[in-house]
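An overview of the molecular structure
What follows is each chain in one-letter form.
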Amino acid sequence: MGINLFEGLGFDFEKEAFSKLKDSEKERFREFLAAFENLFSEACAESPELLKDVPDDFTKLRFLEADNFKVELASKRLLECLQWRLEYQVSNMLEEGPPAKFETYRNERILRHVGYDKLDQPIMAERFGETMSAKNTNIMSIEEWIRCIVYDTELLCRILNETSKNCGRPIQR
């Protein structure tokens, strides 16, 4: 799965997201589009592989909202995210299957999808405690932990995509 949660679902960004923004937020989004396009173009000149996972407007807005509509911060963070995803080949993870120690990870970090709330948002249950304690850092390397956590996050993104498809509207949380 790529960075776009709603890829292939045909949602209308104008109707589903942009029209719900305040006028000031719409203006910040337009500024963000220009700023990000400049950064992205420069980065693609150096790393054309970035063009394999181009963020859609829903994704761009998610980053801008997460950074409280701070255009420069969100632009840089989205580009860094895309570069990191490319470096670690995140977009191909689900097709490749789980990392070698994924079962060990699942036994140590109890995180499960248990259903949906009234807004059709997935409910995740997680056991807190000694997930990253000294004991657990010995069973897997930090790199193996990270790959497993990223794989698990990609599984959640697939759940969001499937839920959105089933509900006929974007589900982002």
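Just so it is clear, the structure is predicted and the values come from calculations on it, not from any experiment. (Residues numbered from 1 in each chain as written. Predicted model: local features only at pLDDT ≥ 70, side-chain atom pairs only at ≥ 80, totals over all residues. Heavy atoms only, no water.)

Some thoughts on the pairing of strand β2 (residues 122–126)
Where strand β1 (residues 111–116) and β2 come together, 5 bridges link them in antiparallel fashion. Bridging across to β2, G115 finds its partner in I123. The loop that links β1 with its antiparallel partner β2 comprises 5 residues; one of these, D120, has a positive phi angle of about 70°. (Pairing = 2+ DSSP bridges. Helix = DSSP H or I, 4+ residues; strand = E, 2+ residues; numbered from the N terminus.)

Concerning the pattern of salt bridges
One pass over the structure, following the stated rule, counts 12 salt bridges. Across the salt bridge formed by R77 and D67, the nearest N and O atoms sit 2.8 Å from each other. Placement of R77 in helix α4 (residues 71–87) and of D67 in the loop between α3 (57–66) and α4 is noted, with a sequence separation of 10 residues between them. Overall, D67 belongs to the buried group, its relative accessible area being 10%. Of the charged contacts in the structure, one is a salt bridge between R169 and D120, with a shortest N-O distance of 2.8 Å. (Salt bridge = Lys/Arg side-chain N within 4 Å of Asp/Glu carboxyl O. Buried < 20%, exposed > 50% of the residue type's maximum accessible area, 1.4 Å probe, protein only.)

Observations concerning the side chain of K60
For K60, the location among the structural elements is in helix α3. K60 sits in the buried class, given a relative accessible area of 12%.

Some points on the environment of S91
If you trace the backbone, S91 turns up in the loop between α4 and α5 (93–96). Residue S91 is classed as partly exposed on the basis of its relative accessible area, which comes to 22%. As a C-alpha pair, S91 and W145 span 54 residues in sequence and 18 Å in three-dimensional space. Engagement of the side chain of S91 in a polar contact is seen with the side chain of D53, the distance being 2.9 Å. (Polar contact = N/O pair within 3.5 Å; in protein donor to acceptor, adjacent residues only side chain to side chain.)

Observations concerning unusual backbone geometry
In this structure, N68 takes a positive phi of about 55° despite not being glycine. Unusually for a residue other than glycine, Q89 sits at a positive phi of about 50°. Structurally, the position occupied by Q89 is in the loop between α4 and α5.

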